[in-house]
Amino acid sequence: MHLNGPPLIVMAMEAEAAPVRSRLGMEGPGSEIVNGLSSRIWTNDNIYLVTNGNNQRFEVDSIGTLPAAFTTFSAIKAVQPGIVISAGTCGGFIQRGGFIGEPILANRCVFHDRRIPLAGFDAYSFGDFPVAKMDLIAQNLGFRLGTVSTGDALDAQSCDLERMDSVEALAKDMEAAAVGWVCEKLDTPFTALKVTTDLVDGDKPTETEFEENLQYASERLSEAMFALIHELKKSNN
Ligand code: ADE
């Protein structure tokens, strides 16, 4: 796969991003992309990583689709990447072979919580954004390729689950489709790399399982990202 610029990794939670930065040799506090706003950017060895940063009013990471879209837009304008990788943790699905710590690379990316049953708007709400073809890279890395489905809630209502089942989603997250939306607008190749912290169709409450596995999954994510960047560089030579 030929890249016309550096890889740009877009992440939401600091707990997920810190091990990835450490593995990629990115040090220090990073810098602002847009003056006065929370997004922060780091770089090393011609790779960029950006986070949505901290919401100062609520003192938590700015997770979800709105900050993801804003950060992605600002970062693409700043560094002109050859590919954008939405990275983070996700919910997985036992019924489709998922397990805690599994890396999943996107080959499709949709929204599951935008329901607009009006002519034309149904497809619009679903998104189905262009995703870079990574079949060979996934095969080399031993990662499963599948649909990443995005919504702005950690839980899943039955109508969300129906949508995720209809596309056999392997990963449920809160940012990827928003990042994909911006990439489509700015004509920039896009993918998502997610690692499972919790099982959407399992017995444990999502928030408990998420907190139990966040550190472990983030370490697995840092390894998976390191390997993906290596493959991208190899295939770019
Ligand atoms: N990130 C980690 N687990 C998630 C889940 N179950 N839903 C959405 N985002 C997540």
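Refer to the structure above for everything that follows.
None of the values given here were measured: they were computed from a predicted structure. (Residues numbered from 1 in each chain as written. Predicted model: local features only at pLDDT ≥ 70, side-chain atom pairs only at ≥ 80, totals over all residues. Heavy atoms only, no water.)

Chemist: Is there a simple way to think about the site of the ligand in this case?
Modeler: Around the ligand sit Thr89, Cys90, Gly91, Leu154, Lys172, Asp173, Met174, Thr197, Asp198, Thr206 and Phe210, and that is every residue in its neighbourhood. In the model, a nitrogen atom of the ligand is placed 2.7 Å from a nitrogen or oxygen of the Lys172 side chain. Thr197 is positioned such that a nitrogen or oxygen atom in its side chain is 3.3 Å from a nitrogen atom of the ligand. Compared with its free state, where it exposes 260 Å², the ligand has 96% of that area covered by protein. Elements supplying a minimum of two residues to the shell around the ligand: strand E7 (83–92), strand E10 (171–173), strand E11 (190–199) and helix H7 (206–236). (Near = heavy atom within 4 Å. Polar contact = N/O pair within 3.5 Å; in protein donor to acceptor, adjacent residues only side chain to side chain. Areas by Shrake-Rupley, 256 points an atom, 1.4 Å probe, with all protein chains shown as cover. Helix = DSSP H or I, 4+ residues; strand = E, 2+ residues; numbered from the N terminus.)

Chemist: Can you help me understand the packing of helix H2 (residues 65–79) against helix H6 (residues 176–185) in this one?
Modeler: The description of two packed helices rests on the angle between their axes and on the distance between the axes. For the pair H2 and H6, interaxial distance at closest approach is 8 Å and the crossing angle is 35°. Here the hand of the crossing between H2 and H6 comes out right-handed. Seen from H2, the contacting residues are Thr65, Ala68, Ala69, Thr72, Phe73 and Ile76; seen from H6, they are Ala178, Val179, Val182 and Cys183. Split into classes, the residues belonging to the contact of H2 with H6 amount to 8 nonpolar, 2 polar and no charged. (Axes fitted to C-alpha atoms, helices over the stretch in contact; angles between N-to-C directions. Left-handed = near helix turned anticlockwise from the far one by under 90°. Contact = heavy atoms within 4.5 Å. Nonpolar A, V, L, I, M, F, W, Y, C, P; charged D, E, K, R; others polar.)

Chemist: Would you take a moment to explain the nonpolar core for this structure?
Modeler: Nonpolar side chains in soluble globular proteins generally cluster together in the buried interior. Ile9, Leu193, Met225 and Leu228 are the most contacted members of the largest nonpolar core, which totals 29 residues. The set of elements that each furnish at least two residues to this core consists of strand E1 (7–11), helix H1 (14–23), strand E4 (47–51), E7, helix H4 (135–141), E11 and H7. For this core, the leading source of residues is H7, giving 7 residues. Contact partners of Ile9, with chain neighbours within four places excluded, come to Leu24, Ile47, Tyr48, Leu49, Val50, Ile85, Ala87, Met225 and Ile229. (Core = buried A, V, L, I, M, F, W, Y, C linked by side-chain atoms within 4.5 Å. Buried < 20%, exposed > 50% of the residue type's maximum accessible area, 1.4 Å probe, protein only.)

Chemist: Even after reading the chapter, I still don't get the packing of aromatic side chains, so can you show me in this structure?
Modeler: Counted according to the given criterion, the structure contains 2 aromatic pairs. Taking the ring centre of Phe93 as reference, the NZ or CZ of Arg96 above it sits at 4.6 Å. Note that Arg114 overlies the ring of Tyr124, its terminal NZ or CZ placed 5.2 Å from the centroid. (Phe/Tyr/Trp six-rings, centres within 6.5 Å; stacked < 30°, edge-to-face > 60°. Lys NZ or Arg CZ within 6 Å of the ring centre and 35° of its normal.)

Chemist: Sorry, what's going on with the environment of Glu59 here?
Modeler: Topologically, Glu59 is positioned in the loop between strand E5 (54–55) and strand E6 (60–61). Residue Glu59 is classed as exposed on the basis of its relative accessible area of 65%. Sequence spacing of Glu59 and Asn4 is 55 residues, and the spatial spacing of their C-alpha atoms is 37 Å.

Chemist: Please clarify how the packing of H1 against H7 should be interpreted in this entry.
Modeler: Relative orientation of the contacting elements H1 and H7 amounts to 35°, with a least axis distance of 8 Å. Here H1 runs over H7; the crossing is right-handed. Across the interface between the two elements, Ala15, Glu16, Pro19, Val20 and Arg23 of H1 pack against Leu214, Ser218, Glu219, Leu221, Ser222, Glu223, Met225 and Phe226 of H7. Split into classes, the residues belonging to the contact of H1 with H7 amount to 7 nonpolar, 2 polar and 4 charged.

Chemist: What am I meant to see in H2 here?
Modeler: Residues lying three or four places apart along an α-helix face the same way, a consequence of the helix completing one turn every 3.6 residues. With 15 residues, H2 ought to run about 21 Å at 1.5 Å a step, and its terminal C-alpha atoms sit 21 Å apart, in line with that. Directly after H2, the chain includes Gln80, whose backbone phi takes a positive value near 45°. (Expected span 1.5 Å × (residues − 1).)

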